[in-house]
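Here is what each chain is made of, one letter per residue.
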Amino acid sequence: MSTPLIRLRGVTKTYERGGEVLTVLNKLDLDIEKNGFYALMGPSGSGKTTLLNLIGGLDQGESGEIVVNGEDIARMDGADLATWRASHVGFVFQGFNLIPVLTAQENVELPLLLTNLSRSERRKHAEVALALVGLSDRRSHRPSQLSGGQEQRVAIARAIVTDPMLIMADEPTGDLDRKSAGEVLDLLTKLNEAHGKTILMVTHDPAAASRAKKIVNMDKGRLGDVVDNQPVAQR
Amino acid sequence: MFPTRLVFKNLLKHKLRVLLTVASIAIAVFLLCALQSLVVALDAGVREAASNRLIVQSKVSLFVYMPESYKAQLERVSGVERIVRWNWFGGYYQDPSNFFAQFATDADALLDVYPEIQIVEGSAKDFIDDQRSCIIGAVTAEKYGFKVGDTVPIIATLFPRTDGAAWDFRVAALYRSLKKNVDENTLFFHSQYLDKSIELGEASGPSGVGVFVLRTAPGVDQTALMSEIDAMYENGPQVVQTTTEAEFQAQFVSMIGNVPFFVNSIGTGVMIAILLAALNTMLMSAREQTRDVGVLKALGFQDGSIFGLLMAQSLVMCGIGGGIGIAMAKMLEPGMAKFLGTMFPGYEVTSTTLMMAAGLTVGIGVLAGIAPALRARSMHVIEALRATA
Ligand SMILES: Nc1ncnc2c1ncn2[C@@H]1O[C@H](COP(=O)(O)OP(=O)(O)OP(=O)(O)O)[C@@H](O)[C@H]1O
Ligand SMILES: [Mg+2]
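Residues numbered from 1 in each chain as written. Chains lettered and ligands numbered in written order. Predicted model: local features only at pLDDT ≥ 70, side-chain atom pairs only at ≥ 80, totals over all residues. Heavy atoms only, no water.

Peer 1: What am I meant to see in the overall build of chain B here?
Peer 2: On a plain count of helices and strands, chain B comes out with 15 helices and ten strands. The globule rule puts the C-alpha radius of gyration for 389 residues at 21 Å, and the 30 Å found for chain B is more than 25% above it. Here the C-alpha coordinates of chain B stretch approximately 95 × 45 × 30 Å along the principal axes. Counting the 389 residues in chain B, one finds 50% classified as buried. Look at the contacts in chain B between residues 6 or more apart in sequence, and 82% of them connect residues 24 or more apart. Here chain B carries 31 positive and 35 negative side-chain charges, and the mean point of each set is 16 Å from the other. (Helix = DSSP H or I, 4+ residues; strand = E, 2+ residues; numbered from the N terminus. Rg over C-alpha atoms; globule rule 2.2 N^0.38 Å. Buried < 20%, exposed > 50% of the residue type's maximum accessible area, 1.4 Å probe, protein only. Contact = heavy atoms within 4.5 Å. Lys, Arg positive; Asp, Glu negative; His and termini not counted. Charge placed at Lys NZ, Arg CZ, Asp CG, Glu CD.)

Given below as structure tokens:
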């Protein structure tokens, strides 16, 4: 096996609540391969979101190292981490998290404001991303004028518009009906297979998890083994 | 670097709320400009006072008269070129609410000592020659429709006529003033007419002189002159106080009370109220944008950009309001000046006033924005993302 894209060693995260220390992530080790599609499963409160946030550079733990592509993001300060996120990670949230006052096109263009692209290049990149998720005709709609499935596809377009190597998706289909969920999962699969994105997806839905290449189980702040997913047809 | 589009789109999201805030800022800034312009107006007499005139008045108060005989004595003091008497007449035209000042004065000397008084209609000679005539400021003349040749009846309060009738003054001329220390509202008539009427028993009232205005010779040591005159009457019969025209005007302004202090207090109150309104709007707006702040931070926008985003919203909102207020103050200046004409001659919205208003507007923008902006800046991305929309 080649060196993993992401390597976690001894990652620990605790919260203090009312004088009581709650260990949410307990000395986790994990290797994530380049171009992998991982589903992270486990009961509610087991620490899935917390882990995803740490790997995505949204949050930091107390100890351990998180080396992504040779950089230890666990040691970065807030400003560097923000810069790192802007160029390496695309986020897809359960609640879509689009900016309500901006149109689909403007939402997708948002991350590009942090690049050196010109205004017209930004527009073009955003149009390409929207076309990829099949929403070119909705580009001037605001989030409130879109269905949940469409909102999540806009969010995916926003996540990939800067061409990051990592996509972090926290229950991306959690608020969607089966059909919309299917479309979102199709998109993620396409991003992984055709565009080489490494995807880490938290999900409660076995059907969603079945679309991933590998599945990791989490329970009470500890990780189980990474298992290869059997294509549904072969099970 | 922050998305400027978000500044405007977020402000436009709650149009009514922002509009009301902008309107209240506009009104407050306008009010502030108007109040400040009133102070400027009150101060005009002090600022534009002539440097070659001294005022002699009773040391007791402006309302205590000095003997007539002082005039001849003062005329003999070296350094004094010419003297004008001013006596407050205190009458009114038709109704007490029609307020404009009337003064009994020395016609010839008045026009000589006050070169800023310019006859614009009628003739100065006519005024000087006819002791029953008067000159009237163009603003008052326009307000009441007085024309040269008209007879203006003034009902006396201090100097009632024995026959109970009004005093009739023939308008010999209308004047305008080149400087703000003399307004364009006043009626000037002859002291001789007043004195003679009292002498003949046709009218009654206090005798004596309210103030003497002395024109000093060029290069005269005014300080020494003032002490000299004060010393002349140290032992009465009426102790006097000699001041420069500027000091005299300043005393007049302070007689109405400490107006600048009063106006500044009101202004400060208005500004605090408006700051609270702007702050309230910004706090509400920022709270609604908490999740957006989380999203922007997750996308990689720096804390400083988030600070700028919220600060810019506050500055734009307050700037628009303040800008409208300032524009209103400048545009309504002629109307206000006319409206306040007799009460506050010299109403002027100066560039200093406008700059002060602009400075206050920016100050309010900063103060209203800083707390929400700091809060958004320091908020952790995870915490912000968890906020319910
Ligand atoms: N800010 C916080 N303060 C205190 N405790 C927290 C905080 N955030 C998370 N936790 C705790 O950490 C634990 C893990 O939370 P996490 O959100 O990672 O769980 P999860 O596996 O994503 O759950 P779910 O499936 O419900 O989304 C929970 O017990 C939670 O209560
Ligand atoms: Mg979760």
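Peer 1: Just checking my understanding: could you explain the packing of helix α2 (residues 15–47) of chain B against helix α10 (residues 259–288) of chain B for this structure?
Peer 2: Between two packed helices, what matters for the description is the angle formed by their axes and the separation of those axes. Residue and element names in this part refer to chain B. At their nearest, the axes of α2 and α10 sit 10 Å apart, and the two run at 165° to each other. With respect to their mutual orientation, α2 and α10 come out roughly antiparallel. For α2 against α10, the interelement crossing comes out left-handed. Grouping the constituent residues of the contact of α2 with α10 by class yields 18 nonpolar, seven polar and two charged. (Axes fitted to C-alpha atoms, helices over the stretch in contact; angles between N-to-C directions. Parallel < 35°, antiparallel > 145°, perpendicular 65-115°, else oblique. Left-handed = near helix turned anticlockwise from the far one by under 90°. Nonpolar A, V, L, I, M, F, W, Y, C, P; charged D, E, K, R; others polar.)

Peer 1: Explain the interface of chain B and chain A to me, please; I cannot follow it from the model alone.
Peer 2: How big an interface is tends to be reported as the loss of accessible area on association of its parts. Every contact between the two is made by 21 residues of chain B and, on the other side, 24 residues of chain A. In this assembly, chain B packs against chain A so that about 2000 Å² is buried in total across both faces, 64% of it on carbon and sulfur atoms. Scanning the region where chain B abuts chain A turns up two salt bridges. For B:K9, the salt bridge is made with A:E106, and the minimal N-O distance between the two is 2.9 Å. Taken together, the connections running from chain B to chain A amount to seven residue pairs in polar contact (both at pLDDT 80 or more). Within the residue set of the side of chain B that touches chain A, elements represented by two or more residues are α1 (4–13), α11 (290–299) and α15 (381–386) of chain B. In terms of residue count, the dominant contributor to the side of chain B that touches chain A is α11(B) (seven residues). Considering only residue class, the side of chain B that touches chain A consists of eleven nonpolar, four polar and six charged. (Buried area = accessible area lost by both parts, 1.4 Å probe. Salt bridge = Lys/Arg side-chain N within 4 Å of Asp/Glu carboxyl O. Polar contact = N/O pair within 3.5 Å; in protein donor to acceptor, adjacent residues only side chain to side chain.)

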